[in-house]
Amino acid sequence: MPHTSLDPNQPAQLKQFQQLHADGLLSDAAYRAAYAQLRPRQVWRHWLEQLCWMLGSALLLVGVLFFFAYNWSALPSMAKFGLLQLAILSCVGGALYLGMQRLGGQLLITAASVLVGVLLVVFGQVYQTGADAYSLFVSWAVLISLWVIVARFAVLWLVWLLIVQLAWGLYWQQLGQHLWAWRPESVTLAGHIILSGIWYGLYERGQNTDLKNGWLAWTQRDWLRPVLLIALLLPLNIITSLTVLDVDLSLLFWLPVWLMVNLALHYYYQYWRPNLAALGLVVSSICCTGLVAVGRILSEWLDNSGMLLVFALIVLATATAAARWLKRLSQQLEQAKPNTGAVT
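Note on numbering: residues in each chain are counted from 1, in written sequence order. Totals for whole chains, interfaces and linings use all residues, but because this is a predicted model, local features are given only for residues with pLDDT of at least 70 and pairs of side-chain atoms are given and counted only at 80 or more. Just so you know, side-chain values use all the structure's heavy atoms and leave hydrogens and water out.

Chemist: So what exactly am I meant to see when it comes to the overall build of the protein here?
Modeler: Of the regular secondary structure elements, the protein holds 12 helices and 2 strands. Its helices and strands taken in sequence order, the protein reads β-α-α-α-α-α-α-α-α-α-α-α-α-β from the N to the C terminus. When accessible area is computed with a 1.4 Å probe and restricted to protein chains, residues below 20% of their type maximum are described as buried, those above 50% as exposed, and intermediate ones as partly exposed. Out of the 344 residues belonging to the protein, those deemed buried represent 36%. Computed with the Shrake-Rupley method and a 1.4 Å probe, the accessible areas treat only the protein chains shown as cover for residues. Of the roughly 20500 Å² that the protein leaves accessible, carbon and sulfur atoms contribute 68%. Here a strand is any run of E in DSSP of at least two residues, a helix any run of H or I of at least four, and the numbering for each starts at the N terminus.

Chemist: Please clarify how the environment of Phe-68 should be interpreted in this entry.
Modeler: Structurally, the position occupied by Phe-68 is in helix α3 (residues 41–70). The spacing of Phe-68 and Val-118 is 50 residues in sequence and 9.3 Å in space, taken between C-alpha atoms. Setting aside its immediate chain neighbours within four residues, Phe-68 contacts Leu-75, Lys-80, Leu-83 and Leu-84. Residue contacts follow a heavy-atom distance rule, with two residues in contact if any of their heavy atoms lie within 4.5 Å.

Chemist: Got a minute to help me understand the pattern of salt bridges in this structure?
Modeler: When the charged atoms of two side chains with opposite charge come close together, those side chains can pair. Each reported salt bridge corresponds to a side-chain nitrogen of Lys or Arg within 4 Å of a carboxyl oxygen of Asp or Glu. Under the definition given, this model contains 2 salt bridges. The residue Arg-225 makes a salt bridge to Glu-204 at a minimum N-O spacing of 3.1 Å. Remark: Glu-204 occurs in helix α8 (residues 184–207) and Arg-225 occurs in helix α9 (residues 224–246); sequence separation between them is 21 residues. Note on Arg-225: relative accessible area 4%, which makes it buried.

Chemist: Honestly, a nonpolar patch on the surface in this entry has me stumped. Any pointers?
Modeler: Patches draw on residues past 30% relative accessible area with no salt bridge. Two like charges within 9 Å are joined, as are two nonpolar side chains (Val, Leu, Ile, Met, Phe, Trp, Tyr) within 5 Å. On the surface, Ile-297, Trp-301, Leu-302, Leu-309, Val-310, Leu-313 and Leu-316 cluster together into a nonpolar patch covering about 740 Å² of accessible area. Of all the secondary-structure elements, those providing two or more residues to the nonpolar patch are α11 (276–301) and α12 (304–336).

Chemist: Which parts of the structure should I look at to understand the packing of aromatic side chains?
Modeler: The relation between two aromatic rings is expressed through the spacing of the ring centres and the mutual angle of the planes. Two rings from Phe, Tyr or Trp (for Trp, the six-membered ring) form a pair when their centres sit within 6.5 Å of each other. Planes less than 30 degrees apart are called stacked, planes more than 60 degrees apart edge-to-face, and all others tilted. Considering all chains together, one arrives at 11 aromatic pairs under this definition. Note on Trp-157 and Trp-160: the rings are 6.0 Å apart at their centroids and 75° apart in plane angle, and the pair reads as edge-to-face. You can see Trp-157 and its partner Trp-160 sitting in helix α7 (residues 154–179), 3 residues apart, about one turn around the helix. Judged by centre distance (6.4 Å) and plane angle (55°), the rings of Tyr-171 and Trp-172 are tilted. Residue class for Trp-172 comes out buried when judged on its relative accessible area of 8%. Here a set of aromatic residues connected by ring pairs shows up, and it is made of Tyr-134, Trp-168, Tyr-171 and Trp-172.

Chemist: Please clarify how the side chain of Glu-204 should be interpreted in this entry.
Modeler: Given a relative accessible area of 7%, Glu-204 falls into the buried group. For Glu-204, the side chain forms a polar contact with the side chain of Arg-225, separated by 3.1 Å. In this structure, Glu-204 is in contact with Arg-225, Tyr-268, Tyr-269 and Arg-273, ignoring residues within four places of it in sequence. The definition of a polar contact used here is a pair of N or O atoms within 3.5 Å, where within protein one atom must be able to donate a hydrogen and the other to accept one, and adjacent residues in sequence count solely through side-chain atom pairs.

Chemist: Can you help me understand the packing of α9 against helix α10 (residues 254–272) in this one?
Modeler: In helix packing, the relevant descriptors are the interaxial angle and the interaxial distance, both defined with respect to the helix axes. The contact between α9 and α10 brings their axes to 9 Å, and the two run at 150°. In terms of orientation, α9 lies roughly antiparallel with respect to α10. Between α9 and α10 the crossing geometry is left-handed. Residue-level inspection shows Arg-225, Leu-229, Leu-233, Leu-236, Asn-237, Ile-239, Thr-240, Thr-243 and Val-244 of α9 in contact with α10, the latter providing Trp-254, Leu-255, Val-257, Trp-258, Val-261, Asn-262, Leu-265 and Tyr-269. Here, axes are lines fitted to C-alpha atoms. For helices the fit covers the stretch in contact, and angles between N-to-C directions go from 0 to 180 degrees. For classification purposes, angles smaller than 35 degrees are called roughly parallel, those larger than 145 roughly antiparallel, those between 65 and 115 roughly perpendicular, and all remaining angles oblique. Here a crossing is called left-handed whenever its near helix is offset anticlockwise from the far helix by less than a right angle, and right-handed whenever the offset is clockwise.

Chemist: Teacher, can you tell me more about helix α6 (residues 133–151) here?
Modeler: Since one α-helical turn is 3.6 residues long, residues separated by three or four positions face the same way. Multiplying 1.5 Å by the helix residue count minus one yields the expected span of that helix. Between its first and last C-alpha, α6 extends 27 Å over 19 residues, near the 27 Å set by a 1.5 Å rise per residue. If you look at α6, its biggest bend is around 45°, right at Ile-144. Among the residues trailing α6, Arg-152 stands out with phi positive, at a value near 55°. Values of bend correspond, residue by residue, to the angle between axes fitted over the seven residues ending at that residue and the seven starting there.

Chemist: Is there a simple way to explain the environment of Gln-173 in this structure?
Modeler: Note that Gln-173 resides in helix α7. Given the relative accessible area of 52%, Gln-173 is considered exposed. As for Gln-173 and Glu-185, which are separated by 12 residues in sequence, their C-alpha atoms are 8.5 Å apart.

Chemist: Please explain α11 as it appears in this structure.
Modeler: Between its first and last C-alpha, α11 extends 37 Å over 26 residues, near the 38 Å set by a 1.5 Å rise per residue. Turning to α11, its buried residues number three or more, namely Ala-278, Leu-279, Gly-280, Val-282, Val-283, Ser-285, Thr-289, Leu-291, Gly-295 and Leu-298. Put simply, Asn-275 is the residue that caps the front of α11, since its side-chain oxygen is 3.2 Å from the backbone nitrogen of Ala-277.

Chemist: Even after reading the chapter, I still don't get the packing of α9 against α11, so can you show me in this structure?
Modeler: The interhelical angle for the contact between α9 and α11, taken along N-to-C directions, is 15°, at an axis separation of 10 Å. When the axis of α9 is compared with that of α11, the two are roughly parallel. Here α9 runs over α11; the crossing is right-handed. Contacts from Arg-225, Pro-226, Leu-229, Ile-230, Leu-233, Asn-237, Thr-240, Ser-241, Val-244 and Leu-245 in α9 reach Ala-278, Leu-281, Val-282, Ser-285, Thr-289, Val-292, Ala-293 and Arg-296 in α11. Each residue is assigned to one class: nonpolar for Ala, Val, Leu, Ile, Met, Phe, Trp, Tyr, Cys and Pro, charged for Asp, Glu, Lys and Arg, and polar for all the others, Gly among them. Class assignment for the residues of the contact of α9 with α11 results in 11 nonpolar, 5 polar and 2 charged.

Chemist: How should I be thinking about the nonpolar core in this particular structure?
Modeler: Soluble, globular proteins show a tendency: their nonpolar side chains are buried together. What we call a nonpolar core is a set of buried Ala, Val, Leu, Ile, Met, Phe, Trp, Tyr and Cys residues that are connected through their side-chain atoms within 4.5 Å. Ranked by size, the top nonpolar core spans 68 residues in total, and within it Trp-160, Trp-199, Tyr-200 and Tyr-269 carry the most contacts. Residue contributions to this core peak at 11 residues, all from helix α5 (residues 103–127). Those residues in contact with Trp-199 that sit more than four places away from it in its chain are Trp-157, Trp-160, Leu-161, Trp-218 and Leu-228.

Everything listed here is a matter of coordinates, which is why it stays silent on function.
Written as structure tokens, this is what we have:
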């Protein structure tokens, strides 16, 4: 007799009831009742409200930016500052009224944080301070830091991380490379890797502990994992690919770093905290840099036409092998889930 296993210690999943219904072990009425419990209409309504809130806030901020861009020459200086300060105060007041733990308040404080950057840009344009661009982003990050910590909003943390990354990149481009002339692009990428690694470590630290009410409450969002992984792996793959293409002995230490990071992530997401999406990003990272190395070797042995043909075949074979491996791994992860309390 067919049976479906359920784990009483794990949250119920809709596909389990679908299998029970398909096996004839669950009546139509019981399946509809289970579906209503697992997919209530309130969930979709809440998701739609959140989406509308976010889209509306983003469009409002874009409208403010384009307003100043279009009417820049026509607005007097005091009007520019007054409108921006009024908008910031209104957003902060609305956030305090709604509460920092509600989506509306979090979106308003995020809007206020973005407008602080606009205010700093306007200040620099009006008074022609002549300050370096990186100082604007440093000031921006410092001024909104308290809001970022208090709001505990994942989107605002990402905005703050982006600002810090831009501050570092602009600093090294404008000033740092004059202090250290050794491969300035590698130092810039190394800084991005370190910063992204810190944020990624904080995220995983928050995921592995119950910090719903602490300052790391923003880490309780699963969609952040691929975003932070991309932010970490992208500069790491770029600097490793540059090392492979240039064959620069001074950058060879990035090869073992790249290998250790990818192997550690692979082990972590396959055995310690299984996550197929994260494993897909790690496999993509390995494949991309590996293909760069293969292309570098082929370019030495074959002419352009022959190299492109062979390289295209290798890319297809690599993508196929990676997809098949991930599919098999997905099946293994499903089978590895604990099965107790079987329902027959």
